[in-house]
Amino acid sequence: MEEKVKDIDTDEQQEYIINIGPQHPSTHGVMRLVVSLKGETVKNVEPHLGYIHRGIEKMCESLTYQQIIHLTDRMDYLAAHMNNEVVCLAVEKALEIEIPDRVKVIRTLMSELTRIQSHELFWASYGMDLGGQTCYFYGLRDREMVLDIFEETTGGRMIVSYNCPGGVMYDLHPNFQKRVKEFLKHFRKVLPEYDDILTNNVIFHERTVGIGPLSLNEAISYGITGPSGRASGFSCDVRKHEPYSAYDRVKFNEVLYAEGDAFHRYLARVEEMRESMNIIDQLIDNIPEGPYAVKMKPVIRLPEGEYYQRVETPRGELGVFIISDGNKTPYRVHFRTPNFANLSVLNHLVKGFKIADLISIFGSLDFVIPDIDR
Amino acid sequence: MRSIINYLKDIFLGVRSLLKGMKVTSRYFWSPRSIVTEKYPENRKTLVMLERSKGEVIMPHNDKNEHHCTGCGICQINCPNGSIEVISKIIDTEDGKKKKIIDKHIYKLGQCTFCGLCVKTCPSNALAFSTKFEHAVFNKALLIKVLNKPGSQLMKGVEQ
């Protein structure tokens, strides 16, 4: 009697499924990627979220508007200042209060310093992901100078909690201008070294050029914002299109590329550091005098209604949606975080590339995992 | 022929880009002035923290063991996660009136998120941040601190 030999050559049975994460150094946090492989080629990537979900949106519903600020620090900890700012701007918009010029300039300066330190960490960790250990040390060395500036003025290094509705918590430290100028002088000197080490490196080129290309239409339909979107030519800079704080009085270029591969996503971030330095240059010498905060009532009650405000973080567009029912706590708070939207494109980008390119593509999108889970 | 030339050119340019990067690293390797590493546990005695760093919340006392805290409880209301508990008691003053004073100002360092709201909102500036940052202890109970020192009093002139 002859048995029928089972056909095992179907595609499905040849797929090999491995987990990357939740504790994998290249995921920069607790993120689990379930990768289906055929040989070395990636067939499908399924991100599993929620390992550090803390329910920040729900917690916000039981806190007053001043208390929400410190929670938003913990979403995207590399852009803590922008996360604070977006809630403050939304509250100020709802209450229709005019904030002093000094506050606007301070917020802009702090935002741009935050952007530089975030992109520095991206540069450092992306280099390390692709096998350049030295990048990590050089990136962190220069980032430390920015963190010192933050610590001197705000008291915190990463988790600054510097904004409050109506202004900022404390005035700038007297050393602030001096330190920022020192940092800019140092950073202008070392940025060409960054190019020598990583940007022009031949191994880095081999690993990134042409890897994970994203077209303009795809970037728009997936909602990819920030440098990742701008590398595909998607003009999505909130600072340009809907200026908040002091962005309407500074001149800067929106870094746009057409290629949209991993290398250009990287390049967009390095160029943005240069643009950020230009913005700081324009503002640092003319910080207006005046109060650093508007006197607010101890209990803030927003008028009944819905409010939306968006800002540009180093990773893309961050929006906050507040529904108020007139109480001292919000009825509902929702954050439109850039990382969550950017993650949606991962499967599309990685399909068909090798598993080593997965690390390259994942790194080039610059994820901060707590911002995805929040 | 052309492909061979391109191949050799790629090798040459590749090696050059590697050497360029190596030049930067070797320059830092041989220049001791560029060392930025702080030898932390060894330099504890000379380590100066920046004045505004948020180490922990303290209640400054003067030489006479007096503080500014009136026990109003605004810090407790403003704390987002209940790290502060103000326990007050009522005493009889010399002129026969009843007065509310602070008994214990309990601060749970273990759950503090250093948002700075208590220090900022205190109406009588009774709280401040110290720059002490070495908080590691073996017993969790040591992280629950009583900020007012035993036997301390409200400073005269601070409005109730």
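Residues numbered from 1 in each chain as written. Chains lettered and ligands numbered in written order. Predicted model: local features only at pLDDT ≥ 70, side-chain atom pairs only at ≥ 80, totals over all residues. Heavy atoms only, no water.

Student: Explain the interface of chain B and chain A residue by residue, including any values.
Tutor: Every contact between the two is made by 25 residues of chain B and, on the other side, 31 residues of chain A. Each partner contributes to the roughly 2400 Å² buried at the junction of chain B and chain A, and carbon and sulfur atoms together form 57% of this total. Counting the surface chain B buries against chain A, the share from its top three residues, Y28, L50 and R52 of chain B, is 27%. Inspection of the chain B/chain A interface yields one salt bridge. Taking the shortest distance from any N to any O, the salt bridge between R27 of chain B and E193 of chain A comes out at 2.4 Å. Applying the counting rule to chain B against chain A returns 12 residue pairs in polar contact (both at pLDDT 80 or more). (Contact = heavy atoms within 4.5 Å. Buried area = accessible area lost by both parts, 1.4 Å probe. Salt bridge = Lys/Arg side-chain N within 4 Å of Asp/Glu carboxyl O. Polar contact = N/O pair within 3.5 Å; in protein donor to acceptor, adjacent residues only side chain to side chain.)

Student: Lay out the domain arrangement of chain B with the relevant residues and their values.
Tutor: Taken domain by domain, chain B comprises domain 1 (2-34) and domain 2 (56-154). For domain 1 of chain B versus domain 2 of chain B, the separation of C-alpha centres amounts to 60 Å. (Domains from an automatic or database assignment.)

Student: Go over the packing of helix α5 (residues 101-129) of chain A against helix α6 (residues 133-154) of chain A with me, naming the residues and quoting the values.
Tutor: Residues and elements named next belong to chain A. Packing of α5 against α6 brings their axes to within 8 Å, and their N-to-C directions diverge by 160°. What the angle tells us is that α5 and α6 run roughly antiparallel. Considering only the axes of α5 and α6, their crossing is left-handed. A per-class count over the contact of α5 with α6 returns 14 nonpolar, eight polar and three charged. (Axes fitted to C-alpha atoms, helices over the stretch in contact; angles between N-to-C directions. Helix = DSSP H or I, 4+ residues; strand = E, 2+ residues; numbered from the N terminus. Parallel < 35°, antiparallel > 145°, perpendicular 65-115°, else oblique. Left-handed = near helix turned anticlockwise from the far one by under 90°. Nonpolar A, V, L, I, M, F, W, Y, C, P; charged D, E, K, R; others polar.)

Student: Describe α5 of chain A, and please don't skip the residues or the numbers.
Tutor: All names here are of chain A. The terminal C-alpha atoms of α5 lie 42 Å apart, and with 29 residues this matches the ideal 42 Å at 1.5 Å per residue to within 8%. Among the 29 residues in α5, 27 count as buried, and that is most of the element. Count one or two residues on from α5 and you reach G131, which has phi positive near 95°. (Expected span 1.5 Å × (residues − 1). Buried < 20%, exposed > 50% of the residue type's maximum accessible area, 1.4 Å probe, protein only.)

Student: Quick rundown of the sheet that holds strand β4 (residues 98-108) of chain B? Include the residues and the values.
Tutor: Residues and elements named next belong to chain B. Within the open sheet, the three strands sit side by side as β3-β4-β6. Their pairing is antiparallel. The sheet terminates laterally at β3 (84-92) and β6 (144-146), the two strands that pair on one side only. The sheet shows a mean angle of 25° between the axes of neighbouring strands, direction not considered. Of the pairings in the sheet, the one linking β3 to β4 comprises nine bridges and is antiparallel in character. (Pairing = 2+ DSSP bridges.)

Student: Requested: an account of the environment of N163 of chain A, with residues and values cited.
Tutor: Residues and elements named next belong to chain A. Within the secondary structure, N163 is located in strand β6 (residues 163-164). Take N163: its relative accessible area is 2%, and that puts it in the buried class. For the pair N163 and E144, spaced 19 residues apart in sequence, the C-alpha separation works out to 21 Å. Setting aside residues no more than four positions away along its own chain, N163 makes contact with I69, H81, N84, E85, C88, R107, V168 and M169. Within polar-contact distance, the side chain of N163 engages the side chain of H81 at 3.5 Å.

Student: Describe in detail the sheet that holds strand β1 (residues 16-20) of chain A, supporting the description with residues and values.
Tutor: Residues and elements named next belong to chain A. Ordered by their spatial adjacency, three strands build an open sheet running β1-β4-β5, and the pairing between neighbours is antiparallel. Looking at strand neighbours, the two that pair on one side only are β1 and β5 (41-48), the edges of this open sheet. The mean angle between the axes of side-by-side strands here comes to 25°, regardless of whether they run parallel or antiparallel. Direction of pairing for strand β4 (residues 32-38) relative to β5: antiparallel, over a ladder of seven bridges. By the bridge assignment for β5, L37 is matched with V42. Of the strands in this sheet, β1, β4 and β5 touch helix α15 (residues 355-364), which is tilted by about 145° from β4.

Student: Tell me what's going on with a nonpolar patch on the surface, and back it up with residues and numbers.
Tutor: Taken together, I4, Y7, L8, I11, V15 and L19 of chain B make up a surface patch of nonpolar side chains, about 610 Å² in accessible area. Its location among the elements puts I4 of chain B in helix α1 (residues 2-30). (Patch = residues over 30% accessible without salt bridge, like charges linked within 9 Å, V, L, I, M, F, W, Y side chains within 5 Å. Areas by Shrake-Rupley, 256 points an atom, 1.4 Å probe, with all protein chains shown as cover.)

Student: Residue-level account of the packing of aromatic side chains, with values.
Tutor: For the structure shown, the criterion picks out 16 aromatic pairs over all chains. Ring geometry for F122 of chain A against Y126 of chain A: centres 5.2 Å apart, planes inclined by 20°, an arrangement best described as stacked. Within this pair, F122 of chain A and its partner Y126 of chain A are both found in helix α5, separated by four residues, close to a single helical turn. Ring centres of F29 of chain B and W30 of chain B lie 5.0 Å apart, and the angle between their planes is 85°; this geometry places the pair in the edge-to-face category. For the residue pair F29 of chain B and W30 of chain B, the accessibility class agrees, reading exposed in each case. Through successive ring pairs, a cluster of aromatic residues spans F122, Y126, F204, F263 and Y266 of chain A. For the cation-ring pair, R141 of chain A lies above Y28 of chain B, with the distance from its terminal atom to the ring centre recorded as 4.7 Å. (Phe/Tyr/Trp six-rings, centres within 6.5 Å; stacked < 30°, edge-to-face > 60°. Lys NZ or Arg CZ within 6 Å of the ring centre and 35° of its normal.)

Student: Mind laying out the side chain of Q67 of chain A, listing which residues take part and the relevant values?
Tutor: Take Q67 of chain A: it is sitting in helix α3 (residues 65-72). Not counting residues within four places of it along the chain, the set of residues in contact with Q67 of chain A comprises I77, N78, C79, P80 and L117 of chain B.

Student: Explain α6 of chain A to me, and be specific about the residues and the numbers.
Tutor: Its 22 residues give α6 of chain A an end-to-end C-alpha distance of 31 Å, which sits within 8% of 32 Å, the value for a rise of 1.5 Å per residue. Looking one or two residues past α6 of chain A, G155 of chain A carries a phi angle of roughly 90°, positive in sign.

Student: Account for unusual backbone geometry, naming residues and giving values.
Tutor: Residue and element names in this part refer to chain A. A positive phi angle, close to 50°, is found at S161, a residue other than glycine. For S245, which is not glycine, the phi dihedral falls at a positive 45°. Note that S245 resides in the loop between α11 (238-241) and α12 (262-284).

Student: Go over the nonpolar core with me, naming the residues and quoting the values.
Tutor: The biggest cluster of nonpolar side chains holds 110 residues, and the ones touching the most others in it are L33, L113, W123, F176, F187, Y266 and L346 of chain A. The element that contributes the greatest number of residues to this core is α12 of chain A, accounting for 11 residues. Ranked by size, the runner-up nonpolar core spans 16 residues in total, among them L109, A126, L127 and F129 of chain B. (Core = buried A, V, L, I, M, F, W, Y, C linked by side-chain atoms within 4.5 Å.)

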